[in-house]
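Coordinates in review
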Amino acid sequence: MRMAPDRIAVPGPELERRARSAVAASTARVPARPDVFSAVAPGRCVLVGDHVDYAGGLVLCAAIDLHVAVALRQREDGVERGVVGDDHRGRADYVLAATQALRAAGVDVPPIEAATSASLPPGAGLASSAAVVCATVVALLRLRGGRMAASAVVDAAYEAEHNVLGVPCGRLDQHAVVESPERGALLFDAAADAVATVAWNLADVVLVVCDTAERHSVAGPEYARRRAETAAALELAGMETAQQPPPDARAVDAGAASGAGAVPWRRLRHVVGETRRAAAAADALRGGDARALGRLMSESHRSLRDDHEVSTPALDAVAAAAEAIPGCHGARMVGAGFGGSVLALTDAGAAGHCADAMRAAAGERGAAWILRPSPGLARTASDVIARG
Ligand code: GLA
């Protein structure tokens, strides 16, 4: 009989060491030790398109070069050891959820023990949960000698988070972590559940991410409330997805301006406007227009702040600090909000200044990184993930 998972077991030093060296190397594979299997998954940023994946909208996102590593091995005694990472106990639940989801998908996963390590901060709006789950899925496929299509990995990772753990997330993070291109962005159409690659036609322009250290949780009540309010708003307007034009755009603005009853119209204005901005942002990226992309990012921040009401004073301050630096094209909160991180688009020459200004605005516990778009798991783990 399989015993109940032990969520607070401390894995052996060998597993911890392997997870640490995997994330340090940022490579998909660490030289094999026959019984230990590891995988490294990237986080993601959203260039434009937050809080629209659950409304059938469009999202322009990219994987980033901050990672989570999982190292695991089979346990012969049948006791599932749900991992403690070297630095974050909460990852244990995500590792265990991934094993359950893979079993539900028909993969014969034995009891395991695992360790995690990460350069990607948890709870920072950078999809660390999806990265832990997806890295676990890849490490388990390596252990089993299995192979899955990228879309099946996305499905299993979503199943783990949404159904096993009951987090009311959309499917954005899983798509970004798995399917992001080598060096470019991903345009995710949440209505069709389909992705397309967008070339990164910006020379000497980089991303700066600042984690404010203010923590959020997609499992918390506010995210679920936004989902419910958005669903109600779409219904009120007789729309199925945020990609449809609202029947009466002026009525949306009028409704959003009225005191009582303004909430649904504001939520609707956010998801419809954000979806349009995401499409325009993809055009700007393709066309190599950093200014236009930056402007859309800043507009996105204002919409998330004013209409969707998911920003915080700390996020607003960090975004404003970035925008004040010459060479910064735009900045926005990223992910679910209510804390987490700010993303800025800046000329490479201004990136250091921008990162310093953002860190200073975030305060003592803030951290900033200069990042570039990175490949998703379907590229780095092609030994177990087939494209498509
Ligand atoms: C979290 C969720 C995603 C998405 C974003 C906001 O990351 O997991 O599904 O809704 O928030 O865009």
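Residues numbered from 1 in each chain as written. Predicted model: local features only at pLDDT ≥ 70, side-chain atom pairs only at ≥ 80, totals over all residues. Heavy atoms only, no water.

What about the state of the cysteines?
On inspection of all chains with the given rule, the structure shows zero disulfides. Lacking any disulfide linkage, Cys328 is separated from the closest cysteine sulfur, that of Cys354, by 4.3 Å. Classification of Cys328 by relative accessible area gives buried; the value is 12%. Cys354 gets classed as buried once you look at its relative accessible area, which sits at 0%. (Disulfide = S-S within 2.5 Å. Buried < 20%, exposed > 50% of the residue type's maximum accessible area, 1.4 Å probe, protein only.)

Describing the sheet that holds strand β10 (residues 367-371)
Ordered by their spatial adjacency, four strands build an open sheet running β8-β9-β7-β10, and the pairing between neighbours is antiparallel. Every interior strand has two partners, whereas the edge strands, β8 (328-334) and β10, have only one. Taking each pair of neighbouring strands and ignoring which way they run, the sheet shows an average axis angle of 20 degrees. Sheet contacts for helix α9 (residues 290-306): β7 (205-211), β8 and β9 (341-347); angle to β8, the most-contacted strand, approximately 35 degrees. Each of β7, β8, β9 and β10 touches helix α11 (residues 351-362); the most contacted strand, β7, lies at about 15 degrees to it. (Pairing = 2+ DSSP bridges. Helix = DSSP H or I, 4+ residues; strand = E, 2+ residues; numbered from the N terminus. Axes fitted to C-alpha atoms, helices over the stretch in contact; angles between N-to-C directions. Contact = heavy atoms within 4.5 Å.)

Digging into the side chain of Arg75
On the secondary structure map, Arg75 appears in the loop between β2 (58-74) and α2 (91-104). By relative accessible area, which is 15% here, Arg75 ends up buried. A distance of 2.9 Å separates a polar atom in the side chain of Arg75 from a polar atom in the side chain of Glu113. (Polar contact = N/O pair within 3.5 Å; in protein donor to acceptor, adjacent residues only side chain to side chain.)

Things to note about the pattern of salt bridges
With the rule as written, the count across this model stands at 23 salt bridges. The partner of Asp50 in a salt bridge is Arg332, and the shortest N-O contact between them spans 3.1 Å. Here the residue Asp50 occupies a position in the loop between β1 (37-48) and β2, and Arg332 occupies one in strand β8, the gap between them amounting to 282 residues. Both residues of the pair, Asp50 and Arg332, belong to the buried class. Asp155 is paired through a salt bridge with Arg171; the nearest N and O atoms lie 2.7 Å apart. With Asp155 in helix α4 (residues 150-164) and Arg171 in the loop between α4 and α5 (172-179), this pair connects stretches of sequence that are 16 residues apart. (Salt bridge = Lys/Arg side-chain N within 4 Å of Asp/Glu carboxyl O.)

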